[in-house]
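# Structural overview for review
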Amino acid sequence: MNALFAIVALVASAAATNKSPESPSSVPPGTWPDGKKAAFYLSFDDGCPTQPKNVFPLLEKYRIPGTFYICPGWDLFKKYEAAWSNANEYVFLGNHTMTHGKIPDQAALDKELAECNAAIARLRPNQKGPISFAIPSAESMHNVLEITDEEIAETYKRHNLVERWLWHGYPVQCKTIPEMEAYVDKVIESGGVGHMDFHGVGGDWLDPGLEYFEALMKKLDSRRGEIWFATHIQIYERLKNRK
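Here's what I pulled together on the structure shown here. (Residues numbered from 1 in each chain as written. Predicted model: local features only at pLDDT ≥ 70, side-chain atom pairs only at ≥ 80, totals over all residues. Heavy atoms only, no water.)

## Digging into the overall build of the protein
Across its full length, the protein carries nine helices and seven strands. Relative to its length of 243 residues, the protein is compact, with a C-alpha radius of gyration of 17 Å against a globular reference of 18 Å. Across its three principal directions, the C-alpha atoms of the protein cover 45 × 40 × 35 Å. The proportion of buried residues among the 243 residues of the protein is 53%. Partitioning the contacts of the protein with sequence separation of at least 6, the portion at a separation of at least 24 is 78%. Here the protein has roughly 11,100 Å² of accessible surface; of this, 52% comes from carbon and sulfur atoms. Computing the positive centroid from 26 side-chain charges and the negative centroid from 31, the protein places the two 6 Å apart. (Helix = DSSP H or I, 4+ residues; strand = E, 2+ residues; numbered from the N terminus. Rg over C-alpha atoms; globule rule 2.2 N^0.38 Å. Buried < 20%, exposed > 50% of the residue type's maximum accessible area, 1.4 Å probe, protein only. Contact = heavy atoms within 4.5 Å. Areas by Shrake-Rupley, 256 points an atom, 1.4 Å probe, with all protein chains shown as cover. Lys, Arg positive; Asp, Glu negative; His and termini not counted. Charge placed at Lys NZ, Arg CZ, Asp CG, Glu CD.)

## Notes on the pairing of strand β3 (residues 91-95)
If a strand is regular, its side chains alternate between the two faces of the sheet. Among the five residues of β3, four are classified as buried, and the element is accordingly described as predominantly covered. Direction of pairing for strand β2 (residues 66-70) relative to β3: parallel, over a ladder of five bridges. Note on β3: the bridge partner recorded for I70 is N95. (Pairing = 2+ DSSP bridges.)

## Quick look at the environment of K78
The residue K78 is located in helix α3 (residues 75-79) in this model. K78 sits in the partly exposed class, given a relative accessible area of 47%. When the C-alpha positions of K78 and G47 are compared, they lie 9.9 Å apart, and in sequence the two are 31 residues distant.

## Let's talk about the state of the cysteines
Using the criterion set out here, one finds zero disulfides in the structure. With no disulfide partner, C48 has as its closest neighbouring cysteine sulfur the one in C71, 9.2 Å distant. The exposure class of C48 is buried, given its relative accessible area of 0%. Between C71, a free cysteine, and C116, which holds the nearest cysteine sulfur, the sulfur-to-sulfur gap is 6.7 Å. On the basis of relative accessible area, C71 is assigned to the buried category, the value being 0%. (Disulfide = S-S within 2.5 Å.)

## Some remarks on the packing of helix α2 (residues 50-62) against helix α8 (residues 210-222)
Where α2 meets α8, the closest approach of the two axes is 11 Å, and the angle between their N-to-C directions is 15°. What the angle tells us is that α2 and α8 run roughly parallel. Classified by chirality, the crossing of α8 by α2 is right-handed. Contact residues: α2 offers N54, V55, L58, L59 and Y62, while α8 offers L210, F213, E214, M217, K218 and D221. A class-by-class count of the residues in the contact of α2 with α8 yields seven nonpolar, one polar and three charged. (Axes fitted to C-alpha atoms, helices over the stretch in contact; angles between N-to-C directions. Parallel < 35°, antiparallel > 145°, perpendicular 65-115°, else oblique. Left-handed = near helix turned anticlockwise from the far one by under 90°. Nonpolar A, V, L, I, M, F, W, Y, C, P; charged D, E, K, R; others polar.)

## A closer look at the nonpolar core
Side chains that are nonpolar tend, in soluble globular proteins, to be buried together. Within the largest apolar cluster, 51 residues are counted, with the highest numbers of intra-cluster contacts made by F40, L42, F68 and M196. A per-element tally of this core places α8 first, with six residues. The contacts of L42, once residues within four sequence positions are left out, are L59, I64, P65, G66, T67, M196, L216, M217 and L220. (Core = buried A, V, L, I, M, F, W, Y, C linked by side-chain atoms within 4.5 Å.)

## Topic: the side chain of S132
With respect to the element layout, S132 can be found in strand β4 (residues 131-133). Relative accessible area serves as the criterion here: at 3%, S132 is assigned to the buried category. For S132, the side chain forms a polar contact with the side chain of Y69, separated by 2.5 Å. Within polar-contact distance, the side chain of S132 engages the side chain of H232 at 2.7 Å. Apart from the residues lying within four places of it in its own chain, the contact partners of S132 are T67, Y69, G94, N95, V162, R164, H232 and I233. (Polar contact = N/O pair within 3.5 Å; in protein donor to acceptor, adjacent residues only side chain to side chain.)

## Points about the pairing of strand β6 (residues 193-198)
Within β6, six of the six residues are buried, leaving the element largely enclosed by the surrounding structure. Because side chains alternate across β6, one face comprises the buried residues V193, H195 and D197, and the other comprises G194, M196 and F198, equally buried. Note: strand β1 (residues 38-45) against β6, six bridges, orientation parallel. Of the residues in β6, the one forming a bridge with S43 is D197.

Here is the structure:
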């Protein structure tokens with residue numbers, strides 16, 4: 001029952017604020033669809049050019065969705081915008097603010113979020129429902145702007161956003177391929193939510209190398225029968241509806 005009480009408290013708190021401060025490490029049996037033991041999602045920050053080049057094809061090959069937190073105001077993103085608008089069905093877009101720049105006040109924050117949402121709607125008009133949000137360059141909105149929890153909740157509600165769980169991936173938590181593979185096994189054993197977050201893949205910045213990412217995809221595929229592959233939003237809503 002401890003796992004049940006923990007997940008109820010976690011999701012009730014998250015649902016009240018649209019914040020996801022910590023992904024659950026375990027949940028009650030039967031939480032995930034089709035008898036899967038655990039849930040797993042992939043996310044990618046900054047809209048790096050190597051993401052459409054190297055990641056999109058692998059997501060389609062392995063039939064695993066990914067959420068890409070984009071900054072549509074960047075010239076680098078605009079250069080490859082056609083690739084984003086023509087992405088395959090496994091690509092979902094998230095809000096990473098319009099410019100990833102300094103946010104001096106609430107009005108600037110609202111502008112950054114609204115403009116990014118508008119770009120997502122234009123690029124992926126069939127993507128409906130809440131939008132996943134990743135705070136740029138910070139683990140907490142309080143580190144971006146002097147803002148209360150109530151103001152954060154109202155901001156997310158106003159822009160139909162759900163905050164992503166704390167960033168997890170290369171090069172901080174899983175530095176090597178064996179560490180990453182062990183992490184996947186641990187997630188399945190726990191029955192909770194696993195996630196790996198990336199920036200560049202096969203180039204750009206904070207890049208683990210294409211070999212690393214392909215190893216992750218092969219590892220996830222090898223345990224496909226035990227994992228529910230979903231987006232952050234799908235997992236969040238599954239937990240919220242079953243709390």
